[in-house]
Amino acid sequence: MIKYLFTILLSVIFIKSYACRCATTSLHDKFNHADFVATAKITEIQPDTLNKDFHKVTIEIINLYKGEKSEKLSILSMLNSSCAFYPDKNSTWLIFANTFKDVLSFGFCSGSIQIDKNFDETKYPGLTANYRSGVDLKISALNWIKDNKIDIQNKYQIETIQSKLVDELKGYKGENKDFAIIEYSLEKDFTLKNVKLIKKFNNSRLSNLLKKVSANDFKAYHKTLKYLPQPTKLFVIYYFYPEEGSSKSFISIWDV
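Residues numbered from 1 in each chain as written. Predicted model: local features only at pLDDT ≥ 70, side-chain atom pairs only at ≥ 80, totals over all residues. Heavy atoms only, no water.

J.: Now, about the state of the cysteines: what can you tell me, with residues and values included?
T.: Enumeration according to the criterion identifies one disulfide in this entry. For cysteine 22, the disulfide goes to cysteine 109, at an S-S distance of 1.7 Å. Measuring handedness by torsion sign, the sulfur bridge of cysteine 22 and cysteine 109 sits at about -60 degrees and is left-handed. Of this pair, cysteine 22 sits in the loop between α1 (2-20) and α2 (27-33) while cysteine 109 is found in the loop between β5 (103-107) and β6 (113-114), placing the two residues 87 residues apart along the sequence. Assessed through its relative accessible area of 42%, cysteine 109 is described here as partly exposed. (Disulfide = S-S within 2.5 Å. Helix = DSSP H or I, 4+ residues; strand = E, 2+ residues; numbered from the N terminus. Buried < 20%, exposed > 50% of the residue type's maximum accessible area, 1.4 Å probe, protein only.)

Given below as structure tokens:
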């Protein structure tokens, strides 16, 4: 099923990105850069009479993760462009919205995800369920962060590198997708002071290995800063994807 999901989603990304050039980012990066994050149902869509590139939407918030509660948002619809975006009325979304020129909006490249999306099960059996399980994984991570009052904001826009993670943590047991979260404590010179596993996988052995491999493999840096203004903490979400057919299970920071 994952192979089907990869095939369809990568095809969509390739076609759209060829014209639209959307950056691929992880869940915690999307969260970090967004001004508003919530799961919500779109109840109304109307043209914006002042700006033809936008539509105004009314939403019913299911769960608010970041930002101020609001029933009114805009979508960057751009209907006459390759970045056209027009969600269905009554569809449910995980929304990542940003403020631009005093307008809080989301669009094709915002990273927002339709929760109740359906695929053609005749052509791609099992794809809908697999897609939704991936969305549920992201929402579960956000719910856990909210419930445990964890501030995962990357205050200084620190970049990270973990090159060995996927190769060293393949083939471990687990029937369901899962997530773990690690808290990295950094000194001002980006030296790693401490690694704390604040949310474990269901597989305890894999959780311990993740912590060990991450401590050895983790590198942090900044594009312009040589030193941070102060010691800080950085949170990274990791995902476990179970084996499928001949493909071994693996761990990634990318929420596929």
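J.: Lay out the nonpolar core with the relevant residues and their values.
T.: Judged by nonpolar contacts, the single largest core of 26 residues is most densely connected at Val37, Leu94 and Ile237. Counting only elements with at least two residues in this core, the list comes to α2, β4 (92-100), α3 (127-147), β8 (178-186) and β11 (232-241). Those residues in contact with valine 37 that lie beyond four places of it in its chain are Phe31, Asn63, Leu64, Tyr65, Lys66, Leu94, Ile95, Phe96 and Leu142. Leu169, Val195, Phe218 and Phe240 belong to the second-largest nonpolar core, a separate cluster that totals 23 residues. (Core = buried A, V, L, I, M, F, W, Y, C linked by side-chain atoms within 4.5 Å. Contact = heavy atoms within 4.5 Å.)

J.: Tell me about helix α5 (residues 204-217), residues and numbers included.
T.: An ideal rise of 1.5 Å per residue puts 20 Å on 14 residues; α5 measures up with 20 Å between its terminal C-alpha atoms. Within the sequence span of α5, burial applies to Leu206, Ser207, Leu210, Val213, Ser214 and Asp217. In a view along the axis of α5, the buried residues occupy a sector of 135 degrees, so they form one face of it. Residues Arg205, Lys212 and Asn216 are exposed on α5 and point more than 90 degrees away from its buried face. Where α5 begins, the capping side chain belongs to asparagine 203, and its oxygen is found 3.1 Å from the backbone nitrogen of arginine 205. (Expected span 1.5 Å × (residues − 1). Arc of directions from axis to C-beta. Polar contact = N/O pair within 3.5 Å; in protein donor to acceptor, adjacent residues only side chain to side chain.)

J.: Describe the confidence of the model for the protein chain, and please don't skip the residues or the numbers.
T.: For the protein chain, the average pLDDT comes to 89, and 93% of its residues sit at 70 or higher. Scored below 50 in pLDDT, residues 1-18 makes 29 contacts in the model with residues more than four places away or belonging to other chains. (pLDDT = per-residue confidence, 0-100.)

J.: How would you summarise the sheet that holds β11 if you had to cite specific residues and measurements?
T.: Strand order in this open sheet of four strands is β9-β8-β11-β12, and the pairing throughout is antiparallel. Lying at the two open borders of the sheet, with one neighbouring strand each, are β9 (192-199) and β12 (250-252). When strand polarity is set aside, the average angle formed by the axes of neighbouring strands in this sheet is 25 degrees. The sheet contact formed by β11 and β12 spans three bridges and is antiparallel. The residue bridging tyrosine 241 from the neighbouring strand is phenylalanine 250, located in β12. Its contacts with the sheet place α3 against β8, β9 and β11, and it is angled at close to 45 degrees to β8. Sheet strands in contact with α5 are β8, β9, β11 and β12, and its direction is about 160 degrees off that of β9. (Pairing = 2+ DSSP bridges. Axes fitted to C-alpha atoms, helices over the stretch in contact; angles between N-to-C directions.)

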